[in-house]
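Each chain, written out:
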Amino acid sequence: SRVGPMTTSHHIDELMRTIGARAGLDEVRAYEDGWILLDDDETVVFAVHDQADDLLTLWANIAIPPETDRLGTYALLLRYNSLWSGTDGIRMALKGPRDTVVQIFDMPASQLDLAGFETVLAGFLARVGAWREIVRQGAPRDWQSQPAVALFGLGPMFGDQVAHG
């Protein structure tokens, strides 16, 4: 059942207060219109609650593509986004003047429980690490001939814990 916006906001606040210790994060803190979840020295996940659309959005900076392979990396990101049915709803984008690669995921906020959020966050962080390695190294030379499952490790990452937004 759906809960009202104020109740959902309190629910998300409680999830954020609890997820840090449960997921082994270094720190979780409120920040402007959302939260910052620090996983390690390099990985920061931002979480923003959109009450109007009942969504909790996670996003994280991945890396800046190397100058020598920007077009290959951009093509790879577009291919990944076109495989939406196998990415669990995770999408990739570019942000800022240096085209930092960003990973984004939306989920229904009012239906999210702690176990589901922990599962989503673990899967999200795993993809951040995988993408960071891909972006820093540049697109594999033969990426166009590789099956998507081999290239991106697609498959159910979140299980049935959460429906995507």
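Above: the structure in question.
Just so you know, these numbers come straight off a predicted model, no measurement behind them.

Conventions and cut-offs
- Residues numbered from 1 in each chain as written.
- Predicted model: local features only at pLDDT ≥ 70, side-chain atom pairs only at ≥ 80, totals over all residues.
- Heavy atoms only, no water.
- Salt bridge = Lys/Arg side-chain N within 4 Å of Asp/Glu carboxyl O.
- Helix = DSSP H or I, 4+ residues; strand = E, 2+ residues; numbered from the N terminus.
- Buried < 20%, exposed > 50% of the residue type's maximum accessible area, 1.4 Å probe, protein only.
- Expected span 1.5 Å × (residues − 1).
- Core = buried A, V, L, I, M, F, W, Y, C linked by side-chain atoms within 4.5 Å.
- Contact = heavy atoms within 4.5 Å.
- Pairing = 2+ DSSP bridges.
- Axes fitted to C-alpha atoms, helices over the stretch in contact; angles between N-to-C directions.

The next subject is the pattern of salt bridges. Tallied over the entire structure, the rule returns eight salt bridges. Between Glu42 and Arg132 there is a salt bridge, and its shortest N-O distance comes to 3.8 Å. With Glu42 in the loop between strand 2 (34-38) and strand 3 (44-50) and Arg132 in helix 3 (residues 114-137), this residue pair connects regions lying 90 residues apart in the sequence. When its relative accessible area of 42% is taken as the criterion, Glu42 is described as partly exposed. Overall, Arg132 belongs to the buried group, its relative accessible area being 6%.

For the rest of this paragraph, the subject is helix 3. Three- or four-residue spacings in an α-helix give side chains the same orientation, since the helix completes a turn every 3.6 residues. For helix 3, which comprises 24 residues, the first-to-last C-alpha distance of 35 Å matches the rise-based estimate of 34 Å (1.5 Å per residue) to within 8%. Backbone geometry just downstream of helix 3 places Gly138 in the positive-phi region, at approximately 85°.

Leu37, Leu56, Leu58 and Phe117 are the most contacted members of the largest nonpolar core, which totals 35 residues. Looking at this core, the elements that each hand over two or more residues are helix 1 (5-23), strand 2, strand 3, strand 4 (55-63), helix 2 (70-82), strand 6 (100-108) and helix 3. Among the elements that take part in this core, helix 3 stands out by supplying nine residues, more than any other. Among all residues touching Leu37, those that are not within four sequence positions of it are Met16, Ile19, Leu25, Glu27, Val28, Thr43, Val44, Val45, Ala47, Phe117 and Leu121.

The subject of this paragraph is the sheet that holds strand 1 (residues 27-31). Reading across the sheet, the six strands line up as 1-2-3-4-6-5 and stay open at both edges, with antiparallel pairing between neighbours. Of all the strands in the sheet, the pair left with one neighbour each is strand 1 and strand 5 (91-95). Between one strand axis and the next, the sheet turns by 25° as a mean value, whatever way the strands run. Across eight bridges, the pairing between strand 4 and strand 6 is antiparallel. Directly across from Trp59, in strand 6, lies its bridge partner Ile104.

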